[in-house]
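# Topology and contacts: notes
Letter by letter, the chains look like this.
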Amino acid sequence: MAPSRADARPVFATGRGAGRPAAARFRAALDAALRIANIVCMLLLVCVFALPFAWMISTSLKTLPETMRFPPDWIPDRPVWSNYADAWNSGPFPKYFLNSLIVSSGILVLQFLTIIPAAYAFARFRFPGRGLLFGLVMATLMIPPQLIFLPVYLMLSDWKLLNTHFALILPFASSAFGIFLLRQSFLQTAGELIEAARLDNAPEWKIMIRIMAPLARPVLATFALFSFISHWNDYFWPLVMTTNESARTLPIGIAKIRETEGTATWNVLMAANVMLAVPVLLAFFAAQRHIIRAFVYSGIK
Amino acid sequence: MPMVPKRLKPYAMIAPALAVFSLFYLYPIGYMIHLSFHEWNFISPEKTYVGLGNYREMLTDDVFLQVLRNSALYTVMTVLLATGTALPLALWLNRKSGFHAFVQGAIFSPHIISLVSVSLLWSWLMDPEYGLLNGLLHWFGIGPLKWLNDPGTALLSLVIVAVWKNLGYNTIVFIAGLQSIPPELLEAAALDRSKPWTTFRRIILPMLSPTLFFLVIINLIGSFQVFETIAIMTQGGPVHSTNTLVYYIYEYGFRYFKIGHASAAGVILLVIVGTLTLGYFRLLSRRVHYYG
């Protein structure tokens, strides 16, 4: 988009500009007005996304009667911090938190262990069936968990793995998207480096770990961000695969508060919601560029 | 090193990943298709073969037909609004300044938080008695609306939530697409004194078409699989007005224990998602403007 004309001109007619014809002054004023209007519109747009979060925080600090005022107030009379304690004590939250951590990091570690060698093999070896196998991997990109949860549930039930961390980790132990992304990066790595290492008789795994993986670090970091946040947030899979507290994750725990505390205790619910959402939002604003890149990449499958 | 292991090495490196995919993605598809031809309540040791019985039962079930209609309606509305609004937003916000980055970050932020957060937050915003939305409408002298509690507005309310969540993502992907248009093209158009609308129609839109196709297809597929907001906000109600495919499969599997019936619905979802994906790749392969 071309920058607006106002960028190149003084916004208000000053000493010299005052001598200009009225038409020019009018244009300058119009440009300035448009520029301000543009900024105001952008701020309004920000409000559409910021106000719900502000409302969440405001509600989390209200007393129950305060949440039942209409029209609603924005500022509670006196902030009620105990809502947070009530939310935290309404279930085994340290356990949920730990489960979330185990599941999200377990998935990430296994994904690294499976996608790095696979991506390396697809990028650096020629072997019969390579195209077919790569096609097979890519085909799984089109199979979302929502499509296959029922048969996978039955399988995991047969193996007595429901309500364990394994049920939440194993199905995601590899990632077609990760293989795709990493293979691209490996393909771009200079072949001479690898040839030199091969001439030195370096074993293949050493080339992979010592040369290729460090060069692909930005891609690995991008993938890690995407994978960790996605599984940290996931509600669907843990909901389906768990029926008790032993492996339940944080999002399930938060959603369950509605059952334990009653549906209308919005102040406690929003306090719980703040605990779930705000750390992620803070991380997002701290590393906005990287996180946006990770998620935009993830779409470009 | 001996020859044979060396030749097998790439296979060994791929094997762990392939094992995961075969076990948890490919095999379950076959298993689901197999189950869809049977009647089974999950507990009894016997699975009874019923042929196409489950499909016949489903296609004559009014609730299922409504579920299909709901899914289609939800999907079309979400995709039209979430991609249709994102394009003008992207054209508007596509600039590299700190303030623009801030605005882009703000509209992207709902995309990275859990759907649980989004669902709880919007349940409260849309509360018919004390919710903020009715508070704002009251200010303009409108309302109060019943949002999720009215069969007439419940599905539309879920569409609003989905658009709020996905708009930022779509906008950012469009902006990435806009930034990959070679600047020479736009400069040439400016030199030719091409009108903004002509530049948009003749240069920007064709160059952006792969991005547009991509967004439309992932929004389509994503919307057909909507589950979280429905499970948390409406449980498919009121009176099935927000019951959609994945929620229907979930209920038949885990509440009614009709595994065969749920699997048949799963196969139908598979066909829909598969058709959309294949259609996308056919379209892509015919396009020349693709710059991966």
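Residues numbered from 1 in each chain as written. Chains lettered and ligands numbered in written order. Predicted model: local features only at pLDDT ≥ 70, side-chain atom pairs only at ≥ 80, totals over all residues. Heavy atoms only, no water.

### A closer look at the overall build of chain B
Which entries qualify depends on this criterion: Per the convention used, a helix needs a DSSP run of H or I reaching at least four residues, while a strand needs a run of E reaching at least two, with both numbered from the N terminus. The quantity called the radius of gyration is restricted to C-alpha atoms. Its globule counterpart is 2.2 Å times the number of residues to the power 0.38. Only protein chains enter the accessibility calculation, which uses a 1.4 Å probe; a residue is then buried when its area is under 20% of its type maximum, exposed when over 50%, and partly exposed in between. Contact criterion: two residues are considered in contact whenever any of their non-hydrogen atoms come within 4.5 Å of each other. Methods summary: accessible areas were calculated by the Shrake-Rupley approach with a probe of 1.4 Å, and residue burial reflects only the protein chains presented. Within this scheme the basic residues Lys and Arg register as positive and the acidic residues Asp and Glu register as negative, but His and the chain ends are omitted. Charged groups are reduced to one reference atom each: NZ for lysine, CZ for arginine, CG for aspartic acid, CD for glutamic acid.
Helix and strand content of chain B: 13 helices and two strands. At 24 Å, chain B has a C-alpha radius of gyration far larger than the 19 Å of a compact globule built from 292 residues. Expressed as a percentage of its 292 residues, the buried residues of chain B come to 53%. Put simply, of all contacts in chain B between residues at least 6 apart along the chain, 67% involve residues at least 24 apart. Put simply, chain B shows about 13,600 Å² of open surface, and 67% of that area lies on carbon and sulfur atoms. Side chains of chain B give 19 positive and 13 negative charges; the mean places of these two sets differ by 16 Å.

### What to know about the overall build of chain A
Across its full length, chain A holds 15 helices and zero strands. A compact globule built from 301 residues should have a C-alpha radius of gyration of about 19 Å, whereas chain A, at 27 Å, is more than 25% larger. On the principal axes, the C-alpha backbone points of chain A span a range of 80 × 60 × 30 Å. For chain A, the residues scored as buried account for 50% of the 301 residues in total. Partitioning the contacts of chain A with sequence separation of at least 6, the portion at a separation of at least 24 is 72%. By element, 67% of the accessible surface of chain A is carried by carbon and sulfur atoms, the whole surface being about 14,400 Å². In chain A, 26 positive and 15 negative side-chain charges are present, and the distance between their average locations comes to 11 Å.

### A look at the nonpolar core
Side chains of nonpolar character tend, in soluble globular proteins, to be buried together. So the rule is basically this: Within this scheme, the nonpolar core is defined by two criteria: the residues are buried Ala, Val, Leu, Ile, Met, Phe, Trp, Tyr or Cys, and they are joined through side-chain atoms within 4.5 Å. Residue ranges assigned to each domain were obtained from an automatic or database domain assignment.
One finds F149, I179, L182, F186 and M241 of chain A together with W122 of chain B to be the most contacted residues of the largest nonpolar core, which totals 188 residues. Element by element, the count of residues in this core is highest for helix α8 (residues 154-179) of chain B, at 14 residues. When residues of this core are assigned to domains, at least three map to each of domain 1 (5-85) and domain 2 (88-299) of chain A.

### Quick word on the packing of aromatic side chains
Residues and elements named next belong to chain B. What counts here: Put simply, two rings from Phe, Tyr or Trp (the six-membered ring, in Trp's case) pair if the centres are within 6.5 Å, and we call them stacked under 30 degrees between planes, edge-to-face over 60, tilted for the rest.
According to the stated counting rule, one finds 43 aromatic pairs over all chains in the structure shown. When the centroid spacing of 5.1 Å and the interplanar angle of 55 degrees are considered together, the rings of F64 and Y248 count as tilted. Taken together, the positions of F64 in helix α3 (residues 62-84) and Y248 in helix α12 (residues 245-254) put the pair 184 residues apart, joining distant regions of the chain. According to the relative accessible area criterion, Y248 is buried, its value standing at 1%. Taking 4.6 Å as the distance between ring centres and 40 degrees as the angle between the ring planes, the aromatic pair formed by Y248 and Y252 counts as tilted. With Y248 and Y252 both in helix α12 and four residues apart, the pair spans about one turn of that helix.

### Brief notes about the side chain of H111 of chain B
Along the polypeptide, H111 of chain B turns up in the loop between α5 (98-108) and α6 (115-125). If we skip the residues at most four places from it in the chain, H111 of chain B touches F295 of chain A together with K165, N166 and Y169 of chain B.

### Some thoughts on the pattern of salt bridges
Opposite charge on two side chains makes pairing possible when the charged atoms of those side chains draw close. Quick reminder of the rule: We count a salt bridge whenever a side-chain nitrogen from Lys or Arg sits within 4 Å of a carboxyl oxygen from Asp or Glu.
Scanning the model with the defined rule gives five salt bridges over all chains in all. For E57 of chain B, the salt bridge identified is with K258 of chain B, shortest N-O distance 3.4 Å. Placement of the pair is E57 of chain B in helix α2 (residues 53-59) and K258 of chain B in the loop between α12 and α13 (259-286), with a sequence separation of 201 residues. Relative accessible area serves as the criterion here: at 36%, K258 of chain B is assigned to the partly exposed category. Among the salt bridges present, the one from E251 of chain B reaches R255 of chain B, with a minimum N-O distance of 2.6 Å. Judged by relative accessible area, E251 of chain B falls into the buried class, the value being 8%. What emerges from the salt-bridge pattern is a single network uniting R69, D73 and D77 of chain A.

### A closer look at the domain arrangement of chain A
A common way to report how large an interface is uses the accessible area buried once the components associate. All names here are of chain A. Its domain assignment divides chain A into domain 1 (5-85) and domain 2 (88-299). Distance between the C-alpha centres of domain 1 and domain 2: 38 Å. Taken together, the 12 residues of domain 1 in the interface contact 15 residues of domain 2. For the interface between domain 1 and domain 2, the tally reads zero salt bridges.

### Notes on the confidence of the model for chain B
Residues and elements named next belong to chain B. Spelled out, the test is: Confidence per residue, as judged by the predictor, is encoded in pLDDT with a range of 0 to 100.
Across chain B, the average pLDDT comes to 88, with 96% of residues at or above 70. When the elements of chain B are averaged for pLDDT, strand β2 (residues 48-49) gives the smallest value, 84, and α3 the largest, 94. Every residue in residues 288-292 is under pLDDT 50, and counting partners more than four places away or in other chains gives 10 contacts.

### Topic: the interface of chain A and chain B
Selection rule: Once two parts are brought into contact, the accessible area they lose, counted with a 1.4 Å probe and summed over both, makes up the buried area.
At the junction of the two partners, chain A supplies 91 residues and chain B supplies 83 residues. Summing both partners gives a buried area of about 8,100 Å² for chain A against chain B, and 80% of it is carried by carbon and sulfur. In this assembly, chain A and chain B are joined by zero salt bridges. When residues in the side of chain A that touches chain B are grouped by element, the largest group, 14 residues, is from helix α1 (residues 22-60) of chain A.

### Description of the environment of E195 of chain A
Relative to the helices and strands, E195 of chain A is located in helix α9 (residues 191-199). In this structure the C-alpha to C-alpha distance between E195 of chain A and I207 of chain A, which are 12 residues apart in sequence, comes to 9.9 Å.

### Digging into helix α6 (residues 145-158) of chain A
Residue and element names in this part refer to chain A. To keep things clear, this is the line we draw: Between the first and last residue of a helix there are one fewer steps than residues, each counted as 1.5 Å, and that sum is the expected span. To get the bend at any residue, fit one axis to the seven residues that end at it and another to the seven that begin at it, then take the angle between the two axes.
The terminal C-alpha atoms of α6 lie 19 Å apart, and with 14 residues this matches the ideal 20 Å at 1.5 Å per residue to within 8%. The largest bend along α6 reaches roughly 40 degrees and is located at P151. Of all 14 residues in α6, 12 are buried; the element is thus mostly enclosed. Within α6, the full set of buried residues consists of Q146, L147, I148, F149, L150, P151, V152, Y153, L154, M155, L156 and S157.

### Digging into a nonpolar patch on the surface
As a reminder, the rule being used: Candidates for patches are residues over 30% relative accessible area with no salt bridge; among them, like charges are joined within 9 Å and nonpolar side chains (Val, Leu, Ile, Met, Phe, Trp, Tyr) within 5 Å.
On the surface, F26, L30 and L34 of chain A cluster together into a nonpolar patch covering about 320 Å² of accessible area. Note that F26 of chain A resides in helix α1.

### Description of the confidence of the model for chain A
Here chain A averages 85 in pLDDT, while 90% of its residues score no lower than 70. Below a pLDDT of 50 lies the segment residues 1-15 of chain A, which in the model reaches 16 contacts outside its immediate sequence neighbourhood of four places, other chains included.

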